[in-house]
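Close look at the chain arrangement
So you can see what is in the structure, the chains are spelled out below.
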Amino acid sequence: MDTDVIPLGHYLLVGCALFICGGMCMAVKRNAIGALMGVELILNGANVNLIAASRYTALGIDGQVFALFVIVLAAAEAAIALAIALNFYNNLNTVDVDAANLLSG
Amino acid sequence: MGSLQIEAILFYILASIAVGGALAVVLSQHVVRMAAGLVVCLGAVAGLFMLLHADFLGAAQLMIYVGGTIVILIFGVMLTSGALVGRVNASPGEMLGALGLGGLFFALMVFTVGAVDWEAVAARQPISPRDADLALDRLQTSETSNDNQAQAKADRAQTLAERSAGRSTRPLGISLLGMRHETDKLAGGKVTAGTGYLLPFEIISMHLLVVLIGAAYLARAKQKVKPNEQLTMTGGYSHGH
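The rules behind the values
Residues numbered from 1 in each chain as written. Chains lettered and ligands numbered in written order. Predicted model: local features only at pLDDT ≥ 70, side-chain atom pairs only at ≥ 80, totals over all residues. Heavy atoms only, no water. Patch = residues over 30% accessible without salt bridge, like charges linked within 9 Å, V, L, I, M, F, W, Y side chains within 5 Å. Areas by Shrake-Rupley, 256 points an atom, 1.4 Å probe, with all protein chains shown as cover. Salt bridge = Lys/Arg side-chain N within 4 Å of Asp/Glu carboxyl O. Helix = DSSP H or I, 4+ residues; strand = E, 2+ residues; numbered from the N terminus. Buried < 20%, exposed > 50% of the residue type's maximum accessible area, 1.4 Å probe, protein only. Contact = heavy atoms within 4.5 Å. Buried area = accessible area lost by both parts, 1.4 Å probe. Phe/Tyr/Trp six-rings, centres within 6.5 Å; stacked < 30°, edge-to-face > 60°. Lys NZ or Arg CZ within 6 Å of the ring centre and 35° of its normal. Core = buried A, V, L, I, M, F, W, Y, C linked by side-chain atoms within 4.5 Å. Axes fitted to C-alpha atoms, helices over the stretch in contact; angles between N-to-C directions. Parallel < 35°, antiparallel > 145°, perpendicular 65-115°, else oblique. Left-handed = near helix turned anticlockwise from the far one by under 90°. Nonpolar A, V, L, I, M, F, W, Y, C, P; charged D, E, K, R; others polar.

1. What to know about a nonpolar patch on the surface
Residue and element names in this part refer to chain B.
- A contiguous nonpolar patch, built from Val-71, Ile-74, Phe-75, Met-78 and Leu-79 and spanning about 450 Å² of accessible area, is present on the exposed surface.
- Of note, Met-78 is situated in helix α3 (residues 55-79).
- Residue classification places Met-78 among the partly exposed residues on the basis of a relative accessible area of 49%.

Okay, here's the thing in structure tokens:
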């Protein structure tokens, strides 16, 4: 193959980097909205993998259909998680995820 | 400079912007800066989608993520900005631990991805949209090629490439309507009509509707009036008349 052609592995590595940044964001951030941004990064890393596979393998349009479903689910997840974060803030007056210990017995 | 070189350069620019934005989300301590890094990252990922000939997905990424989800997140930041918090940022020790674990996990993934010969995997499969486009390009640039195998591959690629050359909206819409065109792998890549994604589409639209109603119900402004105060207030009001 030509050296100029980008291999599939490079797209997968971009997806890996986004996934790991998202995972670290969820682990490290104490702000609930920061953790939510980590979830968005993880879903985007998965989307990069899906669309790269739809272009580089015989998967074809199916990968794009599932990436579309992932985008819709991410939007729904952001809306419901924001509503939960707002309720959390109204009740406890903070968005620190470590303050959510009311059920910890 | 050929189009493949331009594609490679664009890929490396967009990939570094996307990874840089993601790192900015992880490393910055202010939540508005995190949102800005997320906008940069998602925009660059939309560019990567365009580079992968998924034009509808790139536009949807820009409109839904950068235009919608980020606005919701920034509203969340604004509505919770008056939080009485002692320590919202992670300590340096926690950050170092997370960076070490993340680096180890990334190294594991790099080795895993690098251990697979993706060209060999693709060669065992039916022809991919990208290989079809490449074969078509090669056929158009060198008309005098006598290679029969390349000719046959390009002929098989013709129908697929014409569908996949940056025009993904029509196949996406058809597949969501339940009439997906699929290549019959046993009959040499013949295009037939297969079952599509009508039922998942309906399920996900109902899911989105229910989730949005639930979110509006959860996030509605509650009156902060205790039941006893409300009773005495209305009682006093009626007593006055």
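Alright, that's what it looks like, and here's the rest.
2. So, the pattern of salt bridges
All names here are of chain A.
- If you walk through the whole model with that rule in mind, you get 2 salt bridges over all chains.
- Here Asp-96 makes a salt bridge to Arg-30, at a shortest N to O gap of 3.5 Å. Of this pair, Asp-96 sits in the segment after α3 (61-92) while Arg-30 sits in the loop between α1 (8-28) and α2 (32-56); the two residues are 66 residues apart in sequence, bridging distant segments of the chain. No difference in accessibility class separates Asp-96 from Arg-30, as the two residues are buried.
- Among the salt bridges present, the one from Arg-30 reaches Asp-98, with a minimum N-O distance of 3.1 Å. Highlighted residues: Arg-30 in the loop between α1 and α2 and Asp-98 in the segment after α3, separated in sequence by 68 residues.
- What makes Asp-98 partly exposed here is its relative accessible area of 47%.
- Sharing partners across several salt bridges, the network here consists of Arg-30, Asp-96 and Asp-98.

3. Concerning the interface of chain B and chain A
- Counting residues at the interface gives 90 residues for chain B, matched by 69 residues for chain A.
- In total, chain B and chain A occlude about 7300 Å² of area from one another, counting both sides; carbon and sulfur atoms represent 76% of this.
- Taken as a group, Leu52(B), Tyr65(B) and Arg130(B) account for 10% of the area that chain B buries against chain A, more than any other trio of residues on that side.
- Applying the counting criterion to the chain B and chain A interface returns 0 salt bridges.
- Elements represented by at least two residues in the side of chain B that touches chain A include exactly α1 (3-27), α2 (31-51), α3, α4 (92-114), α5 (118-124), α6 (129-141), α8 (169-176) and α9 (198-218) of chain B.

4. Considering the packing of aromatic side chains
- Applying the stated rule across the entire model yields 7 aromatic pairs over all chains.
- When the ring of Tyr11(A) is compared with that of Tyr56(A), the centres are 5.7 Å apart and the planes differ by 55 degrees; the resulting orientation is tilted. Highlighted residues: Tyr11(A) in helix α1 and Tyr56(A) in helix α2, separated in sequence by 45 residues. Tyr56(A) carries the same exposure label as Tyr11(A), and that label is buried.
- Judged by centre distance (5.0 Å) and plane angle (70 degrees), the ring pair of Phe11(B) and Tyr12(B) falls under edge-to-face.
- Assessed through its relative accessible area of 1%, Phe11(B) is described here as buried.
- Here the aromatic residues Tyr11(A), Tyr56(A), Phe11(B) and Tyr12(B) are joined through ring pairs into a cluster of three or more.
- The residue whose ring lies beneath Arg220(B) is Tyr217(B), and the NZ or CZ to ring-centre distance is 4.5 Å.

5. Details of the nonpolar core
- Ranked by size, the top nonpolar core spans 66 residues in total, and within it Tyr11(A), Met37(A), Phe11(B), Leu38(B), Leu57(B) and Leu73(B) carry the most contacts.
- Counting residues per element, the ones that place at least two in this core are α1, α2 and α3 of chain A together with α1, α2, α3, α4 and α8 of chain B.
- Excluding residues that lie within four positions of it along the chain, Phe11(B) makes contacts with Ile6(A), His10(A), Tyr11(A), Val14(A), Leu48(B) and Leu51(B).

6. Structural notes on the side chain of Asp62(A)
- By the element assignment, Asp62(A) lies in helix α3.
- Here Asp62(A) is in contact with Arg180(B) and Tyr197(B), once residues within four sequence places are set aside.

7. Description of the packing of α1(A) against α4(B)
- Axis separation between α1(A) and α4(B) bottoms out at 10 Å; the angle between their running directions is 155 degrees. Relative to α4(B), the element α1(A) is oriented roughly antiparallel. As for the relative orientation of α1(A) and α4(B), their crossing is right-handed in sense. Between α1(A) and α4(B), the contacting residues are Gly9(A), Leu12(A), Leu13(A), Cys16(A), Ala17(A), Phe19(A), Ile20(A), Met24(A) and Val28(A) on the first element and Glu94(B), Met95(B), Ala98(B), Leu99(B), Gly102(B), Phe105(B), Phe106(B), Met109(B), Val110(B) and Val113(B) on the second.
- Of the residues contributing to the contact of α1(A) with α4(B), the split by class is 16 nonpolar, 2 polar and 1 charged.

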